[in-house]
Amino acid sequence: MDLLTNVMHGFVVALDPHNLLYCFLGVLAGTLIGVLPGLGPLAAIAFLLPVTFYIPVVPSLIMLAGIYYGAMYGGSTTSILVNIPGEAASVVTCLDGYQMALQGRAGPALGISAIGSFIAGSIGVVILMLLAPPLARFALSFGPAEFASLLLLAMIVVAYIGSGETIKALMIGTLGLALGTIGTDQISGFPRFDLGIRDLQDGIGVVPVAIGVFGISEVLVNVEALERKDVVRTSLRGIFPSMQDYRDSALPILRGTLVGFLVGILPGGSHIVSSFLSYGIEKKVSRHPEKFGHGAIEGVAGPESANNAATSAAFVPLLSLGIPSNAVMALMLGALLIHGVIPGPKLISEQPTLFWGVIGSMYVGNAMLLALNLPLVGLWVQVLRVPYRILLPLIIIFCLVGVYCINGSHFEMFLTILFGVFGYVMRKLDYDIAPLIMGVIIGPMFETAFRQALLLSKGSFSIFVTRPISACLLGVVFVLLAKTAIFKAGKGLNIFKKHKD
């Protein structure tokens, strides 16, 4: 009965005209960002984050969430019509979606993508609603030692299953942790590592780092690497799939939803992993695997459902444990902290309007996206024809103006440009930069929990291994690091043997 009451309260919050407007703006902006090749929810949330500081926390999170899952919807449009993934998770959709467009079936491909995303997103929200409260109740047994171990595990797992080499991800994550220590010590109150610069006494803000490494660097990479392709000129009439298309897609949508949610709840590159895994499963169970890569509608329905279910799943650890499962959730965590809201086990009981309002808005937002994506395909096609020489400079201007509007600081604008160049260089060197922002946000939280645990144990590190939950979490950390070390050692030994031979 309590669950039903809470859900109804969530819908009341979500359907408030003010919140409804921000939900609509979020899903509309997210769809547009997803449609534009080379951009994604990470860059979008990074340079729109400053806007949310001027509105209350509930509509802020509703809008940011709308941008997130809206970009997942919109990413399929460019994959199908241009063969360029609008978002990283839509890479797999290019394989069969573009082939369907070349065969004159762009309409059904876009239609099944939107419908599958709606079904997966809605089911994902239901599971989120059922799973987050009991997980939060379990997390109430966590003390500083458990949270320190959990935060360490989150960082390691992101580095371990993220894109790029694990060693490089650990290095960049460690740099993020170091950047997080700059500024005033949260426990002693003394300034540290500020180099005598007054602007650094409050630490390096999340927004300049996020906008720099994800927004500015994304533009720099796209200027160099983005190839301009013609939009497939095909009839978009008959946007709704046929009954045969529905029959072929029904099971892939359900399997993709399950795979996406299970993978999405884990820290790391959930959307990319889940979409590839879904595609592999569909090809494996298909009676005609030879059709995949040549316009199989199952190759569109499964992955698109998976990445949208993963979006809902990513909110579970954030809202119930206060742990971001990926870089987008890390930015949302930063936004909540700036608003003075601490996500974690007590969020549901202390901020029920926020939690259940976001849940309700995700139901409403998924319905909005279905209504937007099908009739507005023609508009998105025209957006794809905007010259990048016009679009990308505007994005840089928006990024810098957004940073300046927060504190009116020229120094933070300089930091944004600096981190933008740094992010660009790291991408060219094939480093995964997501652990950097995770380190900047999680670093202070980890340090505080770590030092609180040591204060409780009077300086004894045994508290981390004598408490069962903490010991189990550290055991997983040890296994992951040991596996990486053994793999690297074996690889080096093989190279040495080949060189010796």
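In case you missed it, the structure is sitting above this.
Residues numbered from 1 in each chain as written. Predicted model: local features only at pLDDT ≥ 70, side-chain atom pairs only at ≥ 80, totals over all residues. Heavy atoms only, no water.

**Q** Help me understand unusual backbone geometry in this model?
**A** Glycine aside, residues mostly have negative phi angles, and peptide bonds mostly take the trans form. Unlike most non-glycine residues, K458 shows phi in positive territory, near 60°. Relative to the helices and strands, K458 resides in the loop between α19 (434–456) and α20 (463–466). K458 sits in the exposed class, given a relative accessible area of 80%. (Helix = DSSP H or I, 4+ residues; strand = E, 2+ residues; numbered from the N terminus. Buried < 20%, exposed > 50% of the residue type's maximum accessible area, 1.4 Å probe, protein only.)

**Q** What is the right way to read helix α2 (residues 17–35) from this model?
**A** If you check α2, its first and last C-alpha atoms are 27 Å apart, about what 19 residues at 1.5 Å a residue would give, namely 27 Å. Residues N19, Y22, C23, G26, V27, G30, T31, I33, G34 and V35 constitute the buried set of α2. Sitting at the amino-terminal end of α2 is D16, which places a side-chain oxygen 3.0 Å from the backbone nitrogen of H18. (Expected span 1.5 Å × (residues − 1). Polar contact = N/O pair within 3.5 Å; in protein donor to acceptor, adjacent residues only side chain to side chain.)

**Q** Whenever I open this one, a nonpolar patch on the surface confuses me. Can you help?
**A** A cluster of nonpolar side chains, contributed by I119, I123, I127, L131, L251 and L254, occupies part of the molecular surface with about 450 Å² of accessible area. Contributions of two or more residues to the nonpolar patch are made by α6 (106–139) and α10 (243–264). A per-element tally of the nonpolar patch places α6 first, with four residues. With respect to the helices and strands, the residue L251 is situated in helix α10. The class for L251 is exposed, based on a relative accessible area of 51%. (Patch = residues over 30% accessible without salt bridge, like charges linked within 9 Å, V, L, I, M, F, W, Y side chains within 5 Å. Areas by Shrake-Rupley, 256 points an atom, 1.4 Å probe, with all protein chains shown as cover. Salt bridge = Lys/Arg side-chain N within 4 Å of Asp/Glu carboxyl O.)

**Q** Teacher, can you tell me more about the packing of aromatic side chains here?
**A** The geometry of an aromatic ring pair comes down to the distance between the two centres and the angle between the two planes. Tallying each qualifying case throughout the model produces seven aromatic pairs. Geometrically, the ring pair formed by F411 and F414 is tilted, given 6.3 Å between the ring centres and 40° between the ring planes. Within this pair, F411 and its partner F414 are both found in helix α18 (residues 410–428), separated by three residues, close to a single helical turn. For the pair F450 and F461, a centre-to-centre distance of 6.0 Å together with 45° between the ring planes defines the contact as tilted. Taken together, the residues span a long stretch of sequence, with F450 in helix α19 and F461 in the loop between α19 and α20 at a distance of 11 residues. Ring pairs connect the aromatic residues F446, F450, F461 and F464, which therefore count as one cluster. (Phe/Tyr/Trp six-rings, centres within 6.5 Å; stacked < 30°, edge-to-face > 60°.)

**Q** Looking at this structure, I do not really get helix α1 (residues 2–14). What am I missing?
**A** Given 3.6 residues per helical turn, the α-helix brings residues three or four places apart onto the same face. For α1, which comprises 13 residues, the first-to-last C-alpha distance of 18 Å matches the rise-based estimate of 18 Å (1.5 Å per residue) to within 8%. Among the residues of α1, V7, G10, V13 and A14 are the ones counted as buried. Taken end-on, α1 shows its buried residues confined to a sector of 120°, consistent with a single buried face. For α1, the exposed residues set more than 90 degrees away from the buried face come down to L4 and V12. (Arc of directions from axis to C-beta.)

**Q** Honestly, the packing of helix α4 (residues 57–81) against helix α15 (residues 352–373) in this entry has me stumped. Any pointers?
**A** Axis angle and axis distance: for two packed helices, these are the angle between their axes and the distance between the axes, and together they describe the pair. Between α4 and α15, whose axes approach to 9 Å, the crossing angle comes to 35°. As α4 packs across α15, the resulting crossing turns out to be right-handed. Listed contacts from α15 to V57, V58, L61, I62, Y69, G70, Y73 and G74 of α4 are T353, L354, G357, V358, S361, M362, G365, N366, L369, L370 and N373. (Axes fitted to C-alpha atoms, helices over the stretch in contact; angles between N-to-C directions. Left-handed = near helix turned anticlockwise from the far one by under 90°. Contact = heavy atoms within 4.5 Å.)

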